[in-house]
Amino acid sequence: MWQLYLCLLVAFAASENVNYEPFLNSKKTYEYKYEGLVRVGREMPDLVESALKMRCTFKIIGESPQTFVLQISNVDFEDFNGIPGKGVFNPSQKLTKRLSAEFSQPIVFEYSKGQVTDIRTAPGVSNAVVNIVRGLLGFLQVTVKTTQSFYELLELGIHGVCQSSYTVEEDPSAKELTLTQLVDISNCQQPAALYRGMALATEDKLNKQRGDNIVSTVKYIYTVKSTAEGGLITKAYAQERQYFSPFNVKGGNSRMLALRDIELLKVSDTTDKIVTGQVQSRGNLMYKTEKDLKPIPLLMINMNDPVPKIVDLIKRLAQANIYHVDGATSTDILDLIQLLRVATIDNLEQLWKQLAGNDEHRRWFLDLVVEVTDERILKFLEARFKAGDITANEAGQALVVAFNHLSAEPVSVALAQEFLTIPFSKSHRLLWNTVVLAYGSLLYRYCVYTDPCPVTVVQPLLDMAVGALGKNTEEDMVLALKALGNAAHPSSIKTILKFLPGYSVGAEKLSTRVQGAAVQAFRLLASRDPHSVQDIVLSLFVQRTLPAEVRMLACMVLLETKPSIALVSVISEVLLEENDLQVASFSYSLLRGIAKSKTPDNQHLSTACNVAMKILSRRLGHLSYRYSKNVHLDWFHNDFLFGNSNDLYILQNGSSLLPTELMLKGKVHFIGRILQWLEFGVRAEGIKELLTGQLPQLDKDFGVTDFAAILKILSDWQNLQKDKPLLSAYARVFGQEAFWMDFSGEFIQSIVKSLSPSAGKESSVWEKIQNVQKGTSWHWTKAHLVYEARFIQPTCLGLPVEISKYFPIVNVVTMKAKAEMNPPPKEHLGELLSSDISLQTDGFAGVTKDHFVFHGINTDLFQCGIELKSKAVIGMPWTFGLKINMKERKYELNLTPSKTLTELISFSSNVYAVVRNIEDPSAAKVTPMMPEAEASQQSPPLARRILPTSRDEQNEDSEVKIKQCAESKIYGTAICIEAEAKRSHYHQEYPLYYFLGHTRFSWQLEPVKGAKPIDKIQIQVNTGSKPPPHVSEVMDVNHRMLKDMRDKSIFSCGENSLSGLIPASEVLDVTPEPVATVKALALSQAGKPLGYEGVAFYLPTGQRDDIEMIVSEIEEEANWKMCANANLDKSHSSAKAHLRWGAECQTYDISMRVSTACQPEAKPSLYNKITWGSLPSMFTAFSQRIEEYVPGMSYLMGFHQKHEKNPERQASASFVVSSPQTFDLKLKVPERTIYKRTIPSMIELVGFEKANMTMST
């Protein structure tokens, strides 16, 4: 009996057993329906959005216990481009047909215990389709744990190997389990997301703490039914959101929504065995990005047979940009780049043979073929280098762009290394420098994505450095160190140390220049290996026997490692006992600049530096600008997550006022990254040694007269050092040194000789002059993709959502010129100084800058997203004649006035919703996000389900159109500014909204309507001539007025003042010669010349310098004049200026006066006062508008204010230095006084201790 009872009990337990572990029966066929949708837009009413939707049914058929076949059928693909709630999805029949053909091919996958481990397809299935399959099969990838209601684990999915959080709810009665899975895709251990073009923009984690520009959320919901065999997934829902903004996502954003619905339709027994044929492995569920990233997200073109299309595009672009810069075709550059990227190496060689013979086509091809960012461009350039069929200039320009835009792959690095051994690379010094530096830059980007970075790639540069050290060749040592600095390979540290005293025997004998280059080689390593770099540069900084320049650079690099407060304290202790004031001043200014920094990367360091300032300011705060300095300026806006910082480094040694080295560096802080945009540097040690050796006074002071002596020394080219560089210059782009060149005495000698008046027919200038006399023309274009930055992240649908930025530019210069010289030069250039020269020229200079930002889905087959397109066009046409008579110092310029509207500067931008597909490129939908007219169609239920169609905040459209012109009827020309903007405003304003809508701005020249026709505008300049009669009359009146005032002053002053006033008054009795006379005339055959005439006078005396200028209108009945007077009283260190204009200079006037006086024991101060009489109504209206904003702006800026009765028609400002770091400011206007104390200064207020300045009336 008990045996029967036990059997019943076991049977009952088995009936109650549930199993939720995902399982597929190899003898069953599972049929599901699938619907996926992705939408990109703002999710706000009345704004256009784009969307894609795909529906299908699919079957999973068992082949073996762990192998299954996926069959996809009934594919339907639709797109949407319109306003949610007012538009419908439209079927895309051609794309549906193509997708159906690919989905119909066999797809096999391995599956066990809820994990998809391998996907295999027929060879012809595209990568885009395989990724969609990954998104579809992702519903099977789930980990079920019934013993816990919440659990976390690291697992593989379509986004990579990421952290997942599960919550579990069970319905025992239905034997169903509901799992909710949240995936953190922002911190994946092995992300599938891909960055391109951002390797040189270092990540700023402190910036990201303040906000982010990309936020993504991923949620999956599974319904698992328990069966006797295991868990059966009956429903799977996925929702993914991505919020993107060029700024902070909290301040408005573009939104991507991806939804996936999968529902089980039926389960049946498998009756027929599936024949799969040949299949190949395509990997696991993790999204795979194509290596070459072919599709540029802003276009969709047919790329079959690219060669004729490339040739046609190049010819059209070249023709369109000859006589002007064509903004209409500038976007075709991206089409050309896309086609070049699909061309084979044989295609590139074929294109070179077709295009190299034409200078224009050759230049366009070489400028843009460098955007083929893989090994093909290296093979193409290698062929050019070995054949020698390009110039050194062409080779350098192409190679520096190609290496810096190259995809940093092992095969590319190996091919790039070959350029270091090609003889042509060393045929020109600047080309060799470019090759070596560019290779170092390539290694830096390679090591960003390769960890650990193999030492073999940097070995050629290490060998180069060691070889140059052994030969003691300074120029080669500096080049190798700069290249190692570009590469920033950790293995290069030991080699760099060989050039530094204290680390290598004999390094102290190397020049300061070499030691400094070695220190600067650690700049990029400071972020890769900060602790090692800190130890090295700190030890250099504390060695007082080293040259001051080396120690200053060591301190600069040390602070770039973001040292701890303990290390900053060490720097402070060293500076407290520092005897070298150059080192002390430079290091102190570095600390002071960081202490005031507002950028996130200096958030913690600025605190430590503020503490250091309190310790050091008493001892070092007074050092003047005679010593080495760093000037640091920065700002950062948290709402925009954007800012910039700029540094000027002035390095000096010894007591000379001339700097040894100047460096100017600018950084941009954006989207959580820091990009060192540009850096320029000049090292003038050779010139400094040359000048201080012959001008000892430069060690003490520097005056105007010293300029003449300097020019005389430099012009004596025969005595310049020929074996040592007088000047070195370098430029960094995106933090990488791209240009470096030494300028030796021999180089300067060749330039001076070619420009010397004694230069004859052997001079290159002589040939140019001969060509100009015959008539010459010149044309140059430069097309360039400044940057291409892409971020690609998979979605739950297997579609890649991409954020991309593109910035292409086109520069154009065209010029024609012909000159007549009487008499023409026969033997040497100096003969031109006695010739009459007449030059006729016309031409054009311009640039087009296009900027694109894309957010949305981008595949080889289709695109769906939002695009920001902006275009700036600058064009300067000219046509003029120039006459020069150097002997008589007469010059004449004849301009042709504008007969038609001419745009000089224009800017336009708009945001569009776009949908494109490769099967029908001409049917692309590109609609402004703010449409001109609203759609009236109704949306289907699915669209209403996905996005809201109403919002509590009501919107209103705002449209502004402005056109203002400044007309000159005399010259028949008007300068106009035209602006147009259309925006959509909501109650909650965000920074992103500023860019939503249409914007257009232009600055243009146009003829004045109703003005008399003008043949030409003539400008005459005459130096040293007598003043015209009417100007002499005005001068006499002014002098009589001034003399009367001077006589009254003399009468009222005592004897002590008399001696200083008499010499100045004597000048008034003399009619001065004008310094220059300028006429601007409008000439026409129908009437007399009209225009204006200006005369300038300079009246120097021992105690006083006067400058006077009189401008008169040229017309028989005109009496408008403008009189300006400025003088500097040397004895009292005072200056004043007075401006009068109107009828005989009597209608309006305004004056300003400043003066300086020594006041011992008083704080350095500055006082400025402006007084005015009658002013034009435009001036008073403008001042009233400004005055309305003064109270609010002063309050926001922290100023105090009080209402008090100050003098009418007068404004004054006082500036008082309260400390080397702060000042007090007081402003007085007729009705109000505004003041603020201890305002932090952006620069050190030192050097005023001996010259107190007080400005007063």
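Residues numbered from 1 in each chain as written. Predicted model: local features only at pLDDT ≥ 70, side-chain atom pairs only at ≥ 80, totals over all residues. Heavy atoms only, no water.

- An unreviewed UniProt entry annotates the chain as Vitellogenin C originating from Misgurnus anguillicaudatus.

## Examining empty space enclosed by the protein
To find the voids left in a structure, one rolls a probe of water-molecule size over its atoms.
Logical step 1: Enumeration according to the criterion identifies 10 cavities of 30 Å³ or more in this entry.
Logical step 2: The computed volume of the largest cavity comes to approximately 250 Å³.
Logical step 3: The wall of the largest cavity is formed by 22 residues, among which Val478, Lys482, Ala517, Gln520 and Glu661 lie closest to the centre.
Logical step 4: Those elements that place two or more of their residues in the lining of the largest cavity are helix H14 (474-487), helix H16 (512-520), helix H19 (548-560), strand S20 (673-683), strand S21 (725-733) and strand S22 (736-744).
Logical step 5: If one sorts the elements of the lining of the largest cavity by residue count, H16 sits on top with five residues. (1 Å grid on protein atoms, 1.4 Å probe; cavity = no way out; pocket = protein on both sides within 12 Å on 5 of 7 lines; lining within 4 Å. Points joined across faces, edges and corners; volume = space filled by probe spheres on them. Helix = DSSP H or I, 4+ residues; strand = E, 2+ residues; numbered from the N terminus.)

## Here's the deal with the pairing of strand S40 (residues 1165-1172)
Logical step 1: For strand S39 (residues 1148-1155) and S40, the ladder comprises four bridges, and the chain directions are antiparallel. Directly across from Met1152, in S40, lies its bridge partner Ile1170.
Logical step 2: Judged from the seven bridges that link them, S40 and strand S42 (residues 1210-1219) form a sheet pairing that is antiparallel. By the bridge assignment, Asn1168 is partnered in S42 with Ala1213. (Pairing = 2+ DSSP bridges.)

## Let's talk about the packing of aromatic side chains
Logical step 1: Enumeration over the complete set of coordinates arrives at 24 aromatic pairs.
Logical step 2: Each ring, one from Tyr32 and one from Phe139, has its centre 5.0 Å from the other, and the planes form 65 degrees; the classification is edge-to-face. Residue Tyr32 is located in strand S1 (residues 28-41), and its partner Phe139 is located in the loop between helix H3 (127-137) and strand S7 (150-157); the two are separated by 107 residues in the primary sequence.
Logical step 3: Relative accessible area serves as the criterion here: at 0%, Phe139 is assigned to the buried category.
Logical step 4: Taken together, the ring pairs connect Phe385, Phe403, Phe419 and Phe424 into an aromatic cluster. (Phe/Tyr/Trp six-rings, centres within 6.5 Å; stacked < 30°, edge-to-face > 60°. Buried < 20%, exposed > 50% of the residue type's maximum accessible area, 1.4 Å probe, protein only.)

## Examining the side chain of Ser441
Logical step 1: You can see Ser441 is positioned in helix H12 (residues 429-449).
Logical step 2: The exposure class assigned to Ser441 is buried, which follows from its relative accessible area of 2%.
Logical step 3: A polar contact is formed between the side chain of Ser441 and the side chain of Gln736, at a distance of 2.8 Å.
Logical step 4: Once you skip the residues sitting within four places of it in the chain, Ser441 turns out to touch Asn404, Asn486, Gln736 and Glu737. (Polar contact = N/O pair within 3.5 Å; in protein donor to acceptor, adjacent residues only side chain to side chain. Contact = heavy atoms within 4.5 Å.)

## Looking at unusual backbone geometry
Logical step 1: Cis rather than trans, the peptide bond between Asp451 and Pro452 has omega equal to 0 degrees.
Logical step 2: Following the sequence through the fold, Pro452 ends up in the loop between H12 and helix H13 (459-471).
Logical step 3: In this model, Asn822 is joined to Pro823 through a cis peptide bond whose omega is -5 degrees.
Logical step 4: Its identity as a non-glycine residue notwithstanding, Leu641 has a phi of 50 degrees, on the positive side.
Logical step 5: With respect to the element layout, Leu641 can be found in the loop between strand S17 (629-637) and strand S18 (642-651).

## A closer look at the confidence of the model for the chain
Logical step 1: The pLDDT averaged across the chain works out to 86; a share of 87% of its residues lies at or above 70.
Logical step 2: Within the chain, helix H7 (residues 345-355) carries the highest mean pLDDT (97), whereas helix H27 (residues 941-946) carries the lowest (35).
Logical step 3: Note on residues 933-956: pLDDT is under 50 here. Beyond four places in sequence and across chains, it has 55 contacts.
Logical step 4: Low pLDDT (under 50) marks residues 1054-1068, which in the prediction has 14 contacts with non-local residues, meaning those over four places away or in another chain. (pLDDT = per-residue confidence, 0-100.)

## As for the environment of Ala595
Logical step 1: For Ala595, the position within the fold is in helix H21 (residues 581-595).
Logical step 2: The exposure class of Ala595 is buried, given its relative accessible area of 11%.
Logical step 3: Sequence-wise, Ala595 and Asn610 are 15 residues apart; in three dimensions their C-alpha atoms are separated by 4.9 Å.
Logical step 4: Setting aside its immediate chain neighbours within four residues, Ala595 contacts Ser606, Cys609, Asn610 and Met613.

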